[in-house]
Amino acid sequence: MFGSPPPGERFSVSGRKAKKPYAEENISNLLPRLEEKPVKPPRYISIYRPSVKCEAEKNKAQWKTMGPAKVAVPSPKNFLQKHSKEPKLPARRKEQDPKKLPELSVPRRTDRPVMGIQSEKNFINTNAIAVITGLPKKPQPIYVDRRQGDKYLLETSGLLPKYIKKKDYGVIPKYVTRRNEERERAQKEYETSILENLRKKAMKRLTDEERKTLLQGLKKNWEEVYREFQGLPVEMDTIPKKINKEKLEIQMKQLEHDIDVIEKHKVIYIANE
């Protein structure tokens, strides 16, 4: 049952075949081998590539491309210098006449007022005449709450009936009148529309002549459908024949029902659509 392993093979303690730690020696392994690179299939190129590229270049506008704009590279001579970005004051203007001073809005210390001008107007007499001929100033109406109380203005106290003496006191304002007219107009339009809808939905009574004409037309239709029903074959062996027969029977029943209703009722009302 247990035998020795064949020569040249090694087994582990568990009885399994042990792996060889090295490859089998072969003289062909000593020859250098060239690495075979996988050949890639040619890349797919659409036949519409030239036309699409031409159209894209034709419709391309400025500032609509990806990436930075293609502008001229600055010259290395125009490098950034120190204090070149600081604000500079404008050049000082040279005064033509340094002795000439600017005009001032205030008089100088050396200026002298004009002397010797006199007026012949008598201000005392003029003021006296203005006071004598002028109207006396009306005092403001006041009131006091008690004999030795404080004084208050009468106009702002609410005791003076100035509002009831206005010309438009008690008169309805124009905006209220206009609003009332608009409300009445809207109410009339609403009532008119309601009456119009009721009139449209009112029931219309058929006259005797219309009733007879309608009854004769229904009977004529029934006769035509009955004549078509009588012309059907006796044997109904196909589905279309059965469907046609059921259709004619339904039409005849409906016409018979309508004729019965009109003959039973002498007065008929129809709703207006």
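Here, the structure is the one placed above.
On a predicted model such as this, the values are computed, not experimentally measured, just so you know.

## A look at the overall build of the chain
Inference 1: The number of helices and strands found in the chain is five helices and four strands.
Inference 2: Its helices and strands in sequence order give the chain the pattern α-α-β-β-α-β-α-α-β, from N to C terminus.
Inference 3: For the chain, buried positions account for 5% of its 273 residues.
Inference 4: Nonlocal contacts in the chain, meaning residues at least 24 apart in sequence, comprise 48% of its contacts between residues at least 6 apart.
Inference 5: Here the chain has roughly 29,400 Å² of accessible surface; of this, 56% comes from carbon and sulfur atoms.

## Details of the nonpolar core
Inference 1: Ranked by size, the top nonpolar core spans eleven residues in total: L206, L215, L218, V225, L232, L248, M252, L255, I259, I262 and I268.
Inference 2: Those elements that provide at least two residues to this core are α4 (208-230) and α5 (239-264).
Inference 3: No other element matches α5, which puts five residues into this core.
Inference 4: Once you skip the residues sitting within four places of it in the chain, L215 turns out to touch I259, I262 and E263.

## Here's the deal with the packing of aromatic side chains
Inference 1: What the rule picks out here adds up to two aromatic pairs.
Inference 2: Ring centres 5.6 Å apart and planes at 35° place the aromatic pair Y143 and Y152 in the tilted group.
Inference 3: Residue Y152 is classed as partly exposed on the basis of its relative accessible area of 38%.
Inference 4: Here W222 and Y226 contribute two aromatic rings whose centre-to-centre distance is 5.1 Å and whose plane-to-plane angle is 5°, an arrangement assigned as stacked. Placement of the pair is W222 and Y226 together in helix α4, with a separation of four residues, close to one helical turn.
Inference 5: Judged by its relative accessible area of 25%, W222 falls in the partly exposed class.
Inference 6: A residue is classified by how much of its surface remains accessible, and Y226, at 35% relative accessible area, is partly exposed.

## Some thoughts on the packing of α4 against α5
Inference 1: Contact geometry for α4 and α5: axes closest at 9 Å, N-to-C directions at 155°. Judged by the angle between their axes, α4 and α5 are roughly antiparallel. For the element pair α4 and α5, the recorded crossing hand is left-handed. Taken together, the residues of α5 that come into contact with α4 (itself represented by R211, L214, L215, L218, K219, N221, W222, V225, Y226, E228 and F229) are K245, L248, E249, Q251, M252, L255, E256, D258, I259, I262 and E263.
Inference 2: Of the residues in the contact of α4 with α5, the class split is twelve nonpolar, two polar and eight charged.

## Concerning the side chain of R211
Inference 1: Here R211 lies in helix α4.
Inference 2: Among buried charged residues, R211 stands out as having no salt bridge; its nearest opposite-charge side chain is D208, 5.9 Å away.
Inference 3: Beyond its immediate sequence surroundings of up to four residues, R211 is in contact with I262, E263, H265, K266 and I268.

## Examining the environment of K204
Inference 1: Of note, K204 is situated in strand β3 (residues 203-205).
Inference 2: A C-alpha to C-alpha distance of 5.2 Å links K204 and Y269, two positions 65 residues apart in sequence.

Analysis parameters
Here the residue numbering is sequential within each chain, running from 1 through the sequence in written order. This being a predicted model, a pLDDT of at least 70 is required before a residue's local features are given, and a value of 80 or more before pairs of side-chain atoms are given or counted; all residues contribute to the totals for chains, interfaces and linings. Water and hydrogen atoms were dropped before computing side-chain values, which therefore reflect all heavy atoms in the structure. Secondary structure follows DSSP: runs of H or I at least 4 residues long count as helices, runs of E at least 2 residues long count as strands, and numbering of each begins at the N terminus. Each residue's exposure class comes from its accessible area (1.4 Å probe, protein chains only) as a fraction of the maximum for that residue type: buried when under 20%, exposed when over 50%, partly exposed otherwise. Working rule for contacts: check all heavy atoms of both residues, and any pair within 4.5 Å makes them a contact. Per-residue and other accessible areas were derived by the Shrake-Rupley procedure at a 1.4 Å probe size, with only the shown protein chains allowed to occlude residues. For the purposes of this section, nonpolar cores are sets of buried Ala, Val, Leu, Ile, Met, Phe, Trp, Tyr and Cys residues that join through side-chain atoms within 4.5 Å. Any pair of Phe, Tyr and Trp rings, taking the six-membered ring for Trp, is counted once the centres come within 6.5 Å. Such a pair is stacked with planes under 30 degrees apart, edge-to-face with planes over 60 apart, and tilted for the rest. As a rule, the C-alpha atoms of each element are fitted with a line to give its axis, helices using only the stretch in contact, and angles between N-to-C directions run from 0 to 180 degrees. By the definition adopted for this analysis, an angle is roughly parallel if under 35 degrees, roughly antiparallel if over 145, roughly perpendicular if from 65 to 115, and oblique otherwise. Left-handed describes a crossing whose near helix is turned anticlockwise from the far helix through less than a right angle; right-handed describes the clockwise counterpart. Note on residue classes: Ala, Val, Leu, Ile, Met, Phe, Trp, Tyr, Cys and Pro are nonpolar, Asp, Glu, Lys and Arg are charged, and everything else, Gly too, is polar. Neither His nor the chain termini are counted; the positive set is Lys and Arg, and the negative set is Asp and Glu. Definition used for salt bridges: Asp or Glu carboxyl oxygen within 4 Å of a side-chain nitrogen of Lys or Arg.

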